[in-house]
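An overview of the molecular structure
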Amino acid sequence: MNTYHQNHRNPKSEIRNFKSFIPLFLILAFLSSCSSSGREGVEEEQFAKYWYQGKAEINVFDLEQSRYGEVRSGKAVMIFVTEDFSKSKQVKLDNPQDRPSDAQKVIKLNMTRDFVTGVYPYHTMLSVFTPVHEEVPSPKLTASVTEWCGQSFSQLNFKSGKYNAKLFSYFESEGDFESKIDAKAEEELFNLIRLNPDLVPMGNINLIPSLIFQRFAHIPLKAEQATISKKDLGSNQSEIEVVYSEIGRKIFIRYQQFFPFEILGFTETWTKPDGKQEVTTATRTNMQLLEYWKQNEKVYEPLRKDLGL
């Protein structure tokens, strides 16, 4: 399949002005002719009209991040976009048209959190790549935490039925760590909701807790027992709840019940071993569809104000 989104780092590989000369109905006809196993519950025509129009969905959230026993105000941003991903290298393909057998369409989440603790700032970034068609785990997740004391970086690559997990940290006790984990990843749930909330597994399950939470809590990078459930909130909204009894973590993800199943907010609760509780909330304030990778000149900076950034 040709890709309809290329980021700013590969300008020569962009399919320029695609929308200007190929009507949407031709795009849909092309997509319907491609062979695909197809995830149950993902309606290709509906999905294509929204996700293959050459734009990313930018979601901005007011963030109340609990850190060091206090709540810090900040911003979180979720960027959802589709792209062509290499099955063999587990990276974004520069020229998918040259290697169609290696390409798979993924929905990608890039999520950032920015807040300040006292005099110094925190910045986190999470990336999750989830296949649109194949009913397989997300092939790759990465997460970083940077602040004035140092930085840490985690990466999960799904290979041979398990995740190859790597952690690089400036803390001596965590050091450089590598292992294999046989479990699903918590942060894949955001992308599964966007594809179809019915794809989220229910009940008791082995789950790799949030990579960002693991760095904040300084707990081992490993799977934990979790229970996942769904609740109807009314007003066309539902909530996914994930509960880890052993590590005291809960996360609630609120979303719209109808396509494209937009994420409206989330709440994280951590009950620490001493019984103290830390609660983090993110509430969406704005959403826009943008070709942000093409809008990198000064003239576009007012768009950040429009987004509430």
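A brief structural summary. In this text the structure is predicted, and so the values were computed from the model without any measurement.

So, the overall build of the chain
Check the secondary structure of the chain and you find six helices and 15 strands. Taken across its 309 residues, the chain has 51% of its residues classed as buried. Put simply, 50% of the contacts in the chain that link residues at least 6 apart link residues at least 24 apart. Carbon and sulfur atoms make up 50% of the accessible area of the chain, which totals about 14800 Å².

Points about the pattern of salt bridges
Taken as a whole and assessed by the stated rule, the structure comprises 17 salt bridges. A salt bridge links Glu70 to Arg72, with the nearest nitrogen and oxygen atoms 3.3 Å apart. Classification of Arg72 as buried rests on a relative accessible area of 12%. Across the salt bridge formed by Glu239 and Lys231, the nearest N and O atoms sit 3.9 Å from each other. For Lys231, a relative accessible area of 47% corresponds to the partly exposed category. Here the residues in one salt-bridge network are Arg113, Glu186, Arg249 and Glu268, joined through shared partners.

Some details on the environment of Leu156
With respect to the helices and strands, Leu156 occurs in strand β6 (residues 150-159). Through-space distance from the C-alpha of Leu156 to that of Lys166 is 6.6 Å; in sequence the pair is ten residues apart. In contact with Leu156, not counting residues within four places along its chain, are Pro139, Lys140, Leu141, Tyr163, Asn164, Ala165, Ala185, Ile208 and Leu211.

Structural notes on the side chain of Asn191
Summarising the element assignment, Asn191 is placed in helix α4 (residues 188-195). Side chain to side chain, Asn191 and Thr130 meet in a polar contact 2.9 Å long. Asn191 has contacts with Phe80, Ile107, Lys108, Leu109, Val128, Phe129 and Thr130, leaving out every residue within four places of it along the chain.

Structural notes on the pairing of strand β3 (residues 103-117)
For a regular strand, side-chain orientation follows a simple rule: the groups alternate between the two sheet faces. Burial within β3 is extensive, with 13 of its 15 residues counted as buried. With 13 bridges connecting them, strand β2 (residues 70-86) and β3 associate as antiparallel partners. Note that in β3 the partner of Asp84 across the bridge is Lys105. Pairing between β3 and strand β4 (residues 120-131): twelve bridges, direction antiparallel. Residue Val106 lies in a different strand from β4, and its bridge partner there is Pro131. Connecting β3 to the antiparallel partner β4 that follows it, the hairpin turn spans two residues, and Gly118 within it adopts a positive phi of roughly 65 degrees.

Scoring rules and cut-offs
Residues numbered from 1 in each chain as written. Predicted model: local features only at pLDDT ≥ 70, side-chain atom pairs only at ≥ 80, totals over all residues. Heavy atoms only, no water. Helix = DSSP H or I, 4+ residues; strand = E, 2+ residues; numbered from the N terminus. Buried < 20%, exposed > 50% of the residue type's maximum accessible area, 1.4 Å probe, protein only. Contact = heavy atoms within 4.5 Å. Areas by Shrake-Rupley, 256 points an atom, 1.4 Å probe, with all protein chains shown as cover. Salt bridge = Lys/Arg side-chain N within 4 Å of Asp/Glu carboxyl O. Polar contact = N/O pair within 3.5 Å; in protein donor to acceptor, adjacent residues only side chain to side chain. Pairing = 2+ DSSP bridges.

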